[in-house]
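Spelled out from the first residue to the last, the chains are:
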Amino acid sequence: MASDLPYAADAEVSLSYDELEVLRLQYQKELAQDYVTVQTKFNYAWGLVKAPIREHQVEGVRLLQELYRAEPTRRRECLYYLALGHYKMGNFEEAKKFNALLMEKEPSNMQAMSLAQLIDRGVAREGYIGMALVGGAAAIGTLLVAGLIRRATRK
């Protein structure tokens with residue numbers, strides 16, 4: 001999969017615990033001093049979004065949303081990582097929304113194009129799972145109804 005989507009490697013690669021810890025400590029240090037630089041906040045949010053732990057991803061998305069609103073110069077990067085974060089959390093509609101905003105601004109952005117492919121695959125996979133669940137429930141329902149009908153006709 002990585003060979004056909006070279007620009008979406010961020011979706012599969014996480015930071016090590018130690019790498020994320022360096023970013024967290026820098027963020028906490030600046031937070032304690034009542035002044036967090038845009039770069040530090042972005043770096044920490046980026047690391048959290050790339051983490052394999054959902055709670056970290058949620059916090060990363062929250063920080064990126066704050067940056068997106070407050071820092072117009074960082075919106076392009078924020079859009080991509082907001083889309084990525086939502087993709088990793090399985091929020092495919094939100095991921096599509098943020099990625100579409102980025103594609104509007106940069107239609108030839110290879111990262112956004114490859115992320116769009118990953119999002120579409122996630123939506124399709126989710127759809128297949130949903131269809132399987134509905135099909136299974138329908139089959140069980142049919143068996144239950146058939147059993148009830150058999151019981152009713154025996155009496």
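Residues numbered from 1 in each chain as written. Predicted model: local features only at pLDDT ≥ 70, side-chain atom pairs only at ≥ 80, totals over all residues. Heavy atoms only, no water.

As recorded in an unreviewed UniProt entry, the chain goes by the name Mitochondrial fission 1 protein, listed as coming from Favolaschia claudopus. The record held by UniProt for the chain lists under Subcellular location (unreviewed entry) the comment "Mitochondrion outer membrane". On record in UniProt, under Sequence similarities (unreviewed entry), the comment for the chain is "Belongs to the FIS1 family." (UniProt positions renumbered as here; feature names shortened; annotations may be inferred.)

Caption draft 1: Examining the packing of aromatic side chains more closely. Inspection of the entire model under this criterion finds 4 aromatic pairs. Centre to centre, the rings of Phe-42 and Tyr-81 are 6.0 Å apart; their planes meet at 75 degrees, and the pair counts as edge-to-face. Of this pair, Phe-42 sits in helix α2 (residues 38–50) while Tyr-81 sits in helix α4 (residues 75–89), and the two are 39 residues apart along the sequence. Across the pair, exposure class does not vary: Phe-42 and Tyr-81 are buried alike. (Phe/Tyr/Trp six-rings, centres within 6.5 Å; stacked < 30°, edge-to-face > 60°. Helix = DSSP H or I, 4+ residues; strand = E, 2+ residues; numbered from the N terminus. Buried < 20%, exposed > 50% of the residue type's maximum accessible area, 1.4 Å probe, protein only.)

Caption draft 2: Structural view of the confidence of the model for the chain. Considering every residue of the chain, the mean pLDDT works out to 85; 80% of them sit at 70 or more. At the level of individual helices and strands, the chain shows its lowest average pLDDT in helix α6 (residues 110–154), which scores 73, and its highest in helix α3 (residues 54–70), which scores 97. Low pLDDT, under 50, characterises residues 1–6; the stretch is placed with 9 contacts to residues that sit more than four places away or in other chains. (pLDDT = per-residue confidence, 0-100. Contact = heavy atoms within 4.5 Å.)

Caption draft 3: Expanded view of helix α5 (residues 92–105). Along its 14 residues, α5 runs 20 Å from first to last C-alpha, staying within 8% of the 20 Å computed at 1.5 Å per residue. Regarding α5, the residues found buried are Phe-92, Ala-95, Phe-98, Asn-99 and Leu-102. Buried residues along α5 cover an arc of 130 degrees about the axis, so they all sit on one side. Structural note: α5 exposes Glu-93 and Glu-104 on the side pointing more than 90 degrees away from its buried face. (Expected span 1.5 Å × (residues − 1). Arc of directions from axis to C-beta.)

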